[in-house]
Structures are given as structure tokens and as C-alpha cells.
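Commentary on secondary and tertiary structure
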Amino acid sequence: MLAKTEERKRQKGEGKKRRHPGNDGEGGDRKTRSGEEGSQGDGARKRLDALSVGYFRRVGERLGEGFDEQEEREMFVANVLTEVKGKAVVVAKDQTGSITLQRLLPLCSPEQVAEVLAELGDPAGSELKTVSCDKCGGHVVESAIRQTSRWSESSQKESPGTTEDDDEKDGCDALEAQVLSLSRVVRDNIAEFIKHVHGSHVVRTLLHVLAGCIGPPRTESRPGPKERNVVPQLTDFEVPTSFWYELKSLTEALMDNVNLSVVDSVASAVFQTMLTVCHRKRPKLCKQLLRRTTEYLTSRSAAPGVSPLLVFLKDPASSRLVETIIKLSDKSLLRDLYKNHLKGQMVDLALHSIANFPIQRLTAASAKHKMFLTLFDELIQGIESILAAGHMGVIVQLAESCAESGEKQTDLMQCLLRAFHCAEPGSRHVSCLPLFMSLLTFEVYYHSDTAEGETQPEVPLSSICYHGSRLVQALAKFKERSLLLSSLRTLTPADLLTLASDPSGSHVLQALITTSSDKGRGKILKRLEGQYAAMACSRLGSRVLEAIWNGASVSHRQGIAQELVLSESQLRSHQFARHVWSKFALSHFTHRRAHWQEIQAGESKKRKLFSDILA
């Protein structure tokens, strides 16, 4: 099964975009290389005959049906492996055979997995290299070594001495030996592996297995919009001691070829995986690797007086590696990177179509340290230029870091008011929320001339964009958010309904209401009266209404329920509103109101109790 490439979501107007492989959240490009595939062309490779292809297709269908008994499953697996014996390489490099083996290996015993790996290789290791770098065979090798996570823990336990336990331990030892054998083949051919579009994924999976943390397997389906930027969850497992030593040897082999990490995007992804898994499982080793990689990047020749790191920050391949380094670095390394290489260049880098992404990572990583104050003062000088360039990710991250650190919040808010032309006169302050959400200046949004009076025309809420929503959500975490709440309270009920029903705006309304005090929340809910039924019938609005309900007092809940029961027939038949009717227990409210109020009061006391404990 072939993993599709996925494109990292970036805002409009950011120029050149960079592609990102959807495997473990690290960077690099999945690209086809005719030169690398040529030696494995269709004319030179052995193919499965039609009869065998049909057989493995039927095996795949049977695996999809599942097995009722373990004995039946074991017998089936053994029979299939008998058919694979002697032609494992040809089966693995066939698309149908590859998919079937990937589904079969999780059902195999460790000894059977070891036998498959042994058949895929040869004493010289050339055959295993060929299979690993094949577009179908690489997936089989990955699936095989991933099975170590199922058996390594049991291999570490002392055996009671039974024959069955002895067999299992022998199988685990055999699988361990095959994984180490694969790692040696990779080390002997490290440059070819990490540059190969398919072989590099075997190396990345091998790094995970040797470190003792594994993510979900790659799939042939393209991830959905909500899954594309989600970092896969890693599962830790025990590994043999030999794996720790082998991981050290493999990382040394990779560091001997660190030059490839900055010129080849596929190799860069391997180095990012190496740093990520070592940071999780071998922190001391990761610290050494980060230092050595940074020393290499900062020691290359460049123009006099210019840090070579600035060149790498602007390169599509190496900038991903720099992002990972920044994300995983400790305080001293971050301070060194900023002080010796980036200070005075932050605005220029934030304006660059590629370098602005590492700057976002640096802004996020520095939020917990004092250096954020200096970094903020430098970036704030070019905030209007950054806005004009459309690099909203930098502005959003700056706001999120201000919220996390608790510093410079007033300065950023005042700077944003000036950038959107609503700082002066003071009467424009109440317009800040629509301007921030739409990322439009006062004159553009209200179609007015700056020379006109202080009064502003009524304009229906519109043009809410993703990054505008993200910006306001970050600002809603500030200690002082009275400007945002005052602006929200000036919106008409129709605008509030538009906000609640918008894919981006609904998150803004929910953030502002849930972070308000009881008094401030009551003022907003007063403006929403008459819109609750319409909100309940909206896919997004119903979720906002539920969030409001969860944080509302008993009196506010009673007011919402009183309005909703007037539209009972509409709500109970609507695909979204019927869930609101059920969760709010509105039937109970209609027929047994006193009991309903008693239940709500009890829930309110529990919420206050838990909030006091958490505080």
C-alpha cells in the first residue's frame, strides 16, 4: 500500500509552497526519481504469474473476513507462508502480493516474521536493499520490522521454562537478529537508502523500531482535511539492549552523511525522524545530535558577515530540518541560534516565503524563555509588512506566544489596532473584532474614507477568514480582552448568528463566550436572544450553543430552554437540533420543570466545585 503525499496547509499569498510527507509529522518531499527507479524497471524485475496473483488476491479477501478460532488462523497463515517460501522477493515486489503480505504479517508469530525477513535478504545484503527500495517491497519490510513492537516486551521477560515459552523466546531472538541484520545493511548503504524515495521510509521506520516507539502504519488512503496536520501518536514499547547500541551506530552513520540533509528533501525527512525519536527515547543522544547538526549548518561557507544558517532557512529542503532543530532545542541552543545567527534578521526572514515557517517555530519555542521579549521587540517593528505579505502564521504565533508567556500582550494589541486603522479615534475600538476576523483595515471593511467623521456605517458581518479566526482565538487568551468583548457586544443578533454558523467564526464566538465572566457572558447571551432556535438548527451553531450551555448558570440555561421549547416541533425533527433537544433535556423541562431545575442546580454546584479544585 502506497502512502499518498500530503500538502502542508499554508495561507494564501505565501509564494512557494512546500510539500510534506504524511507519515510521522516530519518534513521532506516524497518525489519520484527516474534514475533511482530505472534500475528496478518493469523490464528487469521478475513478475508473479497470473495464477499466483489470483491466489494472493483471494488470500487478501479471506483475511478481510477474519477468523473465528485461533487454530484456524494459525493454520491459514502457515499455509500461505508455505506458498510464499522460495519466492518471497517476487511476492513482496508485486502490488497484490505486497498488500497481502502487509495484512498477513501482523497475524504471524515472531519466528514466522523472522523467516520472511530472512527470505527477503541474502548474505551480502544486496537483495534486502533492492526489496527495501522497491515501491511495493519497501512496505513489506516496514510491516515486518514493525512487528517487533508486539513481541519485544515478551522476549525481555524471563521464561518459566515451558516448551511453548522457549519457542516464543527463540522466535523473538530470531526476529531481533533479522532487524539488526537489516540495520547493518542500511548502515553499509546509508547514502543510497536515505536519498531513495522508498528506501528512506524503511530507514525512518527502522529508527522508530530501534528507539522503541512506533506510530500508526502508512495507508494507501489520502488523509482527510482534519487529519493532514495532525501529528500521529507514537506508542512506546520495550526493546532489547542490542537495539539501543544499534540505534547509536545508525545515528553515527547518518551523521557521517549530514551533508545530504541540507541538499536532499527526502534525506532531510530521515534526519528529522532521527532527531524526533531520539528526543522522545534518548534525550542525551538527541542533545548531542542537535549540537552536531547545528554546528554543521552554521559552519558552512557563506558571504562575509552573513550566517550560513540564513541560507538554509530559505531552502525548501533544509528549512524543514531547521524547524525540527528549533522545536527540539533546549534553552541554551535556542539562545545561541538567535543571538549569533538570527538577531537583526527576524523581520526579513518573516517576510520570506519559506523562512517564515522556521521563524514561527522559533517564536513558539521561545515563549517560555526571556529571549522572547527581545524577539518580540524585533518582530513587532515589521508587523505591518508581515501583514501585507500575507504571512499570517507569524502574527498568529506571535499572539499565541504572548498569551502563553503573559508578556507584551498590551503592546501587541495596540500594534494590531494601529495596523488595522482602528486605534484612532477611540470610537473605532469597537470595530476591532470584525476587522481582525476579516484581516481588513477599517477603510476597506466599512468602505469609508479616513477623512470622514467618526461615525461608521452599518455593515453586515462578512469575510471571516481562517487566520483571522486563529488570531482572535489567541487574543481571547490575553489577560485583558475587554476590547474584544466590547466589540462583540456591538454586533447585531443577526451578525452573532452569522458568526455562530461560520466554520471559522464559530470558534471565535465559543472562545470569547467561554472565557468571559458570568456577568460578561450574560450580556452576550442577552444579545443572542431570539437566535437560539436558528443556532440549534445549524451544524456549527448547535455546537456553539452546547458550549454556551455547558458554561451557563441555571438562570441562563432556563432562559435558553424557555426560548427553545417554543420551537419544539421544528427542533425535534431537525437533524442537528434534535441532539440539542435531547442533551438539554427539554422534554423534561416542559413537563417536569421543578425537577429539571433541581438537576441543573446540582450540575452547577459540581462545576463550581471542580473549578475551585482546579484553581
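Because the structure is a prediction, the values reported are computed rather than measured.

Turning next to the overall build of the chain. Looking only at helices and strands, one finds 38 helices and four strands in the chain. Within the chain, buried positions represent 51% of all 615 residues. Partitioning the contacts of the chain with sequence separation of at least 6, the portion at a separation of at least 24 is 72%. Total accessible area on the chain stands at roughly 28800 Å², and carbon and sulfur atoms take up 49% of it.

What follows concerns the confidence of the model for the chain. Averaged over every residue, the pLDDT of the chain is 85; the share at 70 or more is 84%. Across residues 155-159, confidence stays below pLDDT 50; counting only partners more than four residues off in sequence or on other chains, it has six contacts.

The next point concerns a positive patch on the surface. Taken together, Lys 331, Arg 335, Lys 339, Lys 343 and Lys 370 make up a surface patch of like positive charges. Residue placement: Arg 335 occurs in helix H18 (residues 331-342).

A few words now on a negative patch on the surface. A grouping of Asp 68, Glu 69, Glu 71 and Glu 74 is seen on the molecular surface, where their side chains present a negatively charged patch. Inspection of the secondary structure puts Asp 68 in the loop between helix H2 (50-65) and helix H3 (70-84). Exposure remark for Asp 68: the relative accessible area of 79% places this residue in the exposed category.

Here the focus is the packing of aromatic side chains. Using the criterion set out here, one finds nine aromatic pairs in the structure. Measuring from ring centre to ring centre gives 5.2 Å for Phe 420 and Phe 436, while their planes differ by 65 degrees; the resulting arrangement is edge-to-face. Residue Phe 420 is found in the loop between helix H24 (409-419) and helix H25 (432-438), and its partner Phe 436 is found in helix H25; the two are separated by 16 residues along the sequence. Across the pair, exposure class does not vary: Phe 420 and Phe 436 are buried alike. With centroids separated by 4.8 Å and ring planes inclined at 40 degrees, the aromatic side chains of Phe 442 and Tyr 446 adopt a geometry described as tilted. Separated by four residues within a single helix, Phe 442 and Tyr 446 lie in helix H26 (residues 442-446), roughly one turn from each other. Each of the two residues, Phe 442 as well as Tyr 446, counts as buried. Aromatic ring contacts, followed pair by pair, group Trp 549, Phe 584, Phe 589 and Trp 596 into a single cluster. Sitting over the ring of Phe 442, Arg 428 keeps its end group 3.9 Å from the ring centre. Between Arg 593 and the ring centre of Phe 589, over which it is positioned, the NZ or CZ distance is 4.0 Å.

Glancing now at the state of the cysteines. Disulfides are covalent bonds that link the sulfur atoms of two cysteine residues. A complete count under the given rule lists zero disulfides for this structure. Take Cys 213: it sits in no disulfide, and the sulfur closest to it among the cysteines is that of Cys 278, at 8.8 Å. Classification of Cys 213 by relative accessible area gives buried; the value is 0%.

With that settled, consider the side chain of Arg 146. Residue placement: Arg 146 occurs in helix H8 (residues 137-146). Non-local contacts of Arg 146, meaning those with residues more than four positions away in its chain, are made with Thr 205, Val 209, Ile 214, Gly 215, Pro 216 and Pro 217.

Turning our eyes to something else, we now look at the nonpolar core. In this structure, Leu 120, Leu 412, Phe 436 and Leu 564 are the most contacted members of the largest nonpolar core, which totals 174 residues. A per-element tally of this core places helix H23 (residues 392-405) first, with eight residues. Ignoring any residue separated from it by four or fewer positions in sequence, one finds Phe 436 in contact with Met 413, Leu 416, Leu 417, Phe 420, Gly 468, Leu 471, Val 472, Leu 475 and Leu 484.

The next point concerns the packing of helix H15 (residues 283-298) against H18. Where H15 contacts H18, the two axes come as close as 12 Å, and the packing angle between them is 10 degrees. Regarding the angle of H15 to H18, the classification is roughly parallel. Facing Leu 290, Arg 291, Thr 294 and Thr 298 of H15, the residues of H18 in contact are Ser 332, Leu 333, Leu 337 and His 341. Per-class residue counts for the contact of H15 with H18 are three nonpolar, four polar and one charged.

Here we take up empty space enclosed by the protein. Inspection of every chain in the model, using the stated rule, returns two cavities of 30 Å³ or more. Lining the second largest cavity are Thr 294, Leu 297, Leu 309, Val 322, Ile 325, Ile 326 and Leu 337. Within the residue set of the lining of the second largest cavity, elements represented by two or more residues are H15 and helix H17 (316-328). Among the elements that take part in the lining of the second largest cavity, H17 stands out by supplying three residues, more than any other. When grouped by side-chain class, the residues that make up the lining of the second largest cavity number six nonpolar, one polar and no charged.

Moving on, we come to the environment of His 352. Note on placement: His 352 falls in the loop between helix H19 (346-350) and helix H20 (356-365). With a relative accessible area of 24%, His 352 lands in the partly exposed category. Separated by 37 residues in sequence, His 352 and Ala 389 have C-alpha atoms that sit 8.7 Å apart. Apart from residues no more than four positions distant in its own chain, His 352 is found in contact with Lys 314 and His 391. From its side chain, His 352 meets the backbone nitrogen of Ile 354 in a polar contact 3.0 Å long.

With that settled, the discussion passes to the packing of helix H27 (residues 466-475) against helix H30 (residues 505-514). It is the contact of H27 with H30, at a shortest axis distance of 9 Å, that shows an interaxial angle of 10 degrees. The orientation of H27 with respect to H30, classified from their angle, is roughly parallel. Of the residues in H30, those touching H27 at Ser 469, Val 472 and Gln 473 are His 507, Val 508 and Ala 511. Taken together, the residues of the contact of H27 with H30 break down into three nonpolar, three polar and no charged.

When charged atoms on two side chains of opposite charge get close, those side chains can pair. A complete count under the given rule lists 19 salt bridges for this structure. We note a salt bridge from Lys 129 to Glu 192, for which the minimum N-O separation is 2.4 Å. Remark: Glu 192 occurs in helix H11 (residues 190-195) and Lys 129 occurs in helix H7 (residues 126-132); sequence separation between them is 63 residues. For Lys 129, a relative accessible area of 21% corresponds to the partly exposed category. Three or more residues are tied together by salt bridges with common partners; here these are Arg 62, Glu 65 and Glu 72.

Cut-offs and rules
Residues numbered from 1 in each chain as written. Predicted model: local features only at pLDDT ≥ 70, side-chain atom pairs only at ≥ 80, totals over all residues. Heavy atoms only, no water. Helix = DSSP H or I, 4+ residues; strand = E, 2+ residues; numbered from the N terminus. Buried < 20%, exposed > 50% of the residue type's maximum accessible area, 1.4 Å probe, protein only. Contact = heavy atoms within 4.5 Å. Areas by Shrake-Rupley, 256 points an atom, 1.4 Å probe, with all protein chains shown as cover. pLDDT = per-residue confidence, 0-100. Patch = residues over 30% accessible without salt bridge, like charges linked within 9 Å, V, L, I, M, F, W, Y side chains within 5 Å. Salt bridge = Lys/Arg side-chain N within 4 Å of Asp/Glu carboxyl O. Lys, Arg positive; Asp, Glu negative; His and termini not counted. Charge placed at Lys NZ, Arg CZ, Asp CG, Glu CD. Phe/Tyr/Trp six-rings, centres within 6.5 Å; stacked < 30°, edge-to-face > 60°. Lys NZ or Arg CZ within 6 Å of the ring centre and 35° of its normal. Disulfide = S-S within 2.5 Å. Core = buried A, V, L, I, M, F, W, Y, C linked by side-chain atoms within 4.5 Å. Axes fitted to C-alpha atoms, helices over the stretch in contact; angles between N-to-C directions. Parallel < 35°, antiparallel > 145°, perpendicular 65-115°, else oblique. Nonpolar A, V, L, I, M, F, W, Y, C, P; charged D, E, K, R; others polar. 1 Å grid on protein atoms, 1.4 Å probe; cavity = no way out; pocket = protein on both sides within 12 Å on 5 of 7 lines; lining within 4 Å. Points joined across faces, edges and corners; volume = space filled by probe spheres on them. Polar contact = N/O pair within 3.5 Å; in protein donor to acceptor, adjacent residues only side chain to side chain.

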